[in-house]
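Next come the chains, spelled out residue by residue.
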Amino acid sequence: MPGLHNRVALVTGGAQGIGAAVASRLAADGAKVGVLDLNAALAQRTADEIVAAGGSARAFGADVTRREEVSAVVDELVGEFGGLHILVNNAGVLRDNLLFKMSDDDWSTVMNVHLGGAFICSQLAQRHMVEQRYGRIISMSSTSALGNRGQSNYSAAKAGLQGLTKTLAIELGPYGVTANAIAPGFIETAMTSATAQRIGMTIDSLRESVAAALPVRRGGLPADIANAAAFLAGEEAGYVTGQVLYVDGGSELV
Ligand code: NAI
C-alpha cells in the first residue's frame, strides 16, 4: 500500500517546477493532493496530469498572500477529501536586484509571497492538523538563505522560513505535527531560467558552470526535491522536526 494512502496534501505554487514535481510525487505515493497556484490554468493542467496517472488531485487558483482565498481553498479541500495532513509551502517569486537598486515593492512582494504566504497557509492548515493530532509542514527555503548577491529580499525571506519552521516545530510538536524546511540549491525550473537570463547566461551554460563546481557534478532536478519532500511528508519521518535539509548537490561544502 502506498505510504501516503489516506493522507491529504496541499502544495502551494504547485502548478509547475518544484511544486508540480512534489504534488505528483505525493499523489504517486497515495496522497490526495490540492494543487494551489496563482496560475489556475496551469494548476489545472498539473492536477489533470496527476489524475491521468491514476492519482487524486484538485486544482485551486489562489494567491497565498490572500488569507480569504487560502481559507476558502483549505475549507474546500478538507470538505472534499476529509482532512489536511501535509502542507508544502512552495509558492515563490523572484524580484532580484542589488541592494542599492531594490525597490520597496521588490522587497515586500518577495517577503509577502514566500514568508507571509507560508505564515498564512501554515496558520490555516494547523487548525486541522492539531485537531487530527497529525500533520507535516514542509517549507521551501533555499541555499540563498545563507546569502546571495542580488537577493537581499529573497535570502531574508528564505532565512525567515527557517526560523518560522523551527518555531512551528516547537509549537505544534505536542500535537503530532512536524515542521521542516528543504533548502534546494540550483534546481532547473522556470525560476532558474529567469536567473540565467538576468545574469546574461543561457540555462545550459548556467547548469554546466553550477555542475562543475559541485561535488556531485550535476545540476538538480525538481524530482530531487520531490524525493526529499516525500520522505519528510511520510509517517516514518515523525521524529524529524525543525530541520533544514539542504538538497543542493553539496554546494555548501565547496
Ligand atoms: P517556479 O517559478 O517554477 O514556480 C513557482 C510557482 O509559484 C509558480 O507556479 C507561480 O505561479 C506560483 N506562485 C507565485 N506566487 C504565488 C502566489 N502569490 N500564490 C500562489 N502561487 C504563487 O519556481 P520553482 O523553481 O519551482 O521554485 C519553487 C520554490 O522553490 C520557490 O519557493 C523557490 O523559491 C524555491 N527554490 C527554488 C530553487 C530553484 O533552483 N529552482 C532553489 C531554491 C529554492
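Residues numbered from 1 in each chain as written. Predicted model: local features only at pLDDT ≥ 70, side-chain atom pairs only at ≥ 80, totals over all residues. Heavy atoms only, no water.

### Structural notes on the overall build of the protein chain
So, point 1. The helix and strand inventory of the protein chain stands at 8 helices and 7 strands.
So, point 2. Computed over the C-alpha atoms, the radius of gyration of the protein chain is 17 Å, within 12% of the 18 Å expected from 2.2 N^0.38 for a compact globule of 254 residues.
So, point 3. Taking the principal axes of its C-alpha atoms as reference, the protein chain extends roughly 50 × 35 × 35 Å.
So, point 4. Within the protein chain, counting contacts between residues at least 6 apart in sequence, those at least 24 apart form 72% of the total.
So, point 5. For the protein chain, the accessible area works out to roughly 11400 Å², and carbon and sulfur atoms hold 53% of it.
So, point 6. Of the side-chain charges in the protein chain, 19 are positive and 24 negative, and the distance between the mean point of each set is 3 Å. (Helix = DSSP H or I, 4+ residues; strand = E, 2+ residues; numbered from the N terminus. Rg over C-alpha atoms; globule rule 2.2 N^0.38 Å. Contact = heavy atoms within 4.5 Å. Areas by Shrake-Rupley, 256 points an atom, 1.4 Å probe, with all protein chains shown as cover. Lys, Arg positive; Asp, Glu negative; His and termini not counted. Charge placed at Lys NZ, Arg CZ, Asp CG, Glu CD.)

### Notes on the domain arrangement of the protein chain
So, point 1. For the protein chain, the assigned domains are domain 1 (8–185 + 221–247) and domain 2 (188–219).
So, point 2. Each side of the interface is counted separately: domain 1 has 12 residues, and domain 2 has 8 residues.
So, point 3. Summing the contributions of domain 1 and of domain 2, the shared interface buries around 710 Å²; its carbon and sulfur component is 56%.
So, point 4. It is Leu 94, Asp 96 and Leu 221 that lose the most area in domain 1 upon contact with domain 2, and together they represent 48% of the buried surface on that side.
So, point 5. Counting across the interface, domain 1 meets domain 2 through 2 salt bridges.
So, point 6. Asp 224 is the salt-bridge partner of Arg 218, the closest N and O atoms lying 2.9 Å from each other.
So, point 7. Our enumeration of links across domain 1 and domain 2 arrives at 2 residue pairs in polar contact (both at pLDDT 80 or more).
So, point 8. Of all the secondary-structure elements, those providing two or more residues to the side of domain 1 that touches domain 2 are helix H1 (17–28) and helix H8 (222–233). (Domains from an automatic or database assignment. Buried area = accessible area lost by both parts, 1.4 Å probe. Salt bridge = Lys/Arg side-chain N within 4 Å of Asp/Glu carboxyl O. Polar contact = N/O pair within 3.5 Å; in protein donor to acceptor, adjacent residues only side chain to side chain.)

### Details of helix H4 (residues 104–132)
So, point 1. Relative to the 42 Å expected for 29 residues at 1.5 Å per residue, H4 spans 40 Å between its end C-alpha atoms, a close match to the ideal helical length.
So, point 2. Maximal helix bending in H4 amounts to about 35 degrees, located at Asn 112.
So, point 3. Immediately downstream of H4, the backbone of Arg 133 shows phi near 55 degrees, a positive value. (Expected span 1.5 Å × (residues − 1). Bend = angle between axes of the 7 residues up to and from the residue.)

### Quick look at the side chain of His 128
So, point 1. Structurally, His 128 can be placed in helix H4.
So, point 2. Here His 128 is in contact with Val 74, Val 78 and Leu 84, once residues within four sequence places are set aside.

### Focus on the pattern of salt bridges
So, point 1. In the structure shown here, the tally under the stated rule is 11 salt bridges.
So, point 2. One salt bridge in this structure joins Asp 29 and Arg 25, with 3.1 Å as the shortest N-O distance.
So, point 3. One continuous salt-bridge network, built from bridges that share partners, spans Arg 58, Glu 76 and Glu 80.

### Points about the environment of Gln 132
So, point 1. Its location among the elements puts Gln 132 in helix H4.
So, point 2. Of note is the side chain of Gln 132, whose polar atom sits 3.2 Å from the backbone oxygen of Tyr 134.

### Re the pairing of strand S1 (residues 8–12)
So, point 1. For S1, a buried count of 5 out of 5 residues is recorded, marking the element as mostly surrounded by other parts of the structure.
So, point 2. The two faces of S1 match: Val 8, Leu 10 and Thr 12 on one face and Ala 9 and Val 11 on the other face are all buried.
So, point 3. The pairing of S1 with strand S2 (residues 32–37) spans 5 bridges and is parallel. Looking across to S2, one finds that Thr 12 is bridged to Leu 36.
So, point 4. Where S1 and strand S4 (residues 86–89) come together, 3 bridges link them in parallel fashion. Opposite Ala 9, over in S4, you have Ile 86 as the bridge partner. (Buried < 20%, exposed > 50% of the residue type's maximum accessible area, 1.4 Å probe, protein only. Pairing = 2+ DSSP bridges.)

### As for the nonpolar core
Burial of nonpolar side chains together is a common tendency in soluble globular proteins.
So, point 1. Ranked by size, the top nonpolar core spans 32 residues in total, and within it Val 22, Leu 26, Val 33 and Ile 182 carry the most contacts.
So, point 2. Every element with two or more residues in this core is listed here: S1, H1, S2, helix H2 (40–52), strand S3 (56–61), S4, strand S5 (135–140) and H8.
So, point 3. The residues touching Val 33, leaving out its near neighbours within four places in the chain, are Ala 9, Val 11, Ala 23, Leu 26, Ala 27, Ser 56, Ala 57, Arg 58 and Phe 81.
So, point 4. One finds Val 73, Val 78, Val 113 and Leu 172 within the second-largest nonpolar core, a separate group that totals 28 residues. (Core = buried A, V, L, I, M, F, W, Y, C linked by side-chain atoms within 4.5 Å.)

### Details of the site of the ligand
So, point 1. Residues in close proximity to the ligand total 30 residues, the closest being Ile 18, Asp 37, Asn 90, Tyr 154 and Thr 189.
So, point 2. Note that an oxygen atom of the ligand is positioned 2.4 Å from one of the side-chain N or O atoms of Thr 189.
So, point 3. For the ligand, the protein covers 93% of the area, taking 830 Å² as the surface of the free molecule.
So, point 4. Elements that contribute at least two residues to the shell around the ligand include exactly H1, S2, H4, helix H5 (152–172) and helix H6 (190–198).
So, point 5. Among the elements that take part in the shell around the ligand, H6 stands out by supplying 3 residues, more than any other.
So, point 6. Across the shell around the ligand, the residue classes break down as 16 nonpolar, 11 polar and 3 charged.
So, point 7. Domain assignment of the residues forming the shell around the ligand places at least three in each of domain 1 (8–185 + 221–247) and domain 2 (188–219). (Near = heavy atom within 4 Å. Nonpolar A, V, L, I, M, F, W, Y, C, P; charged D, E, K, R; others polar.)

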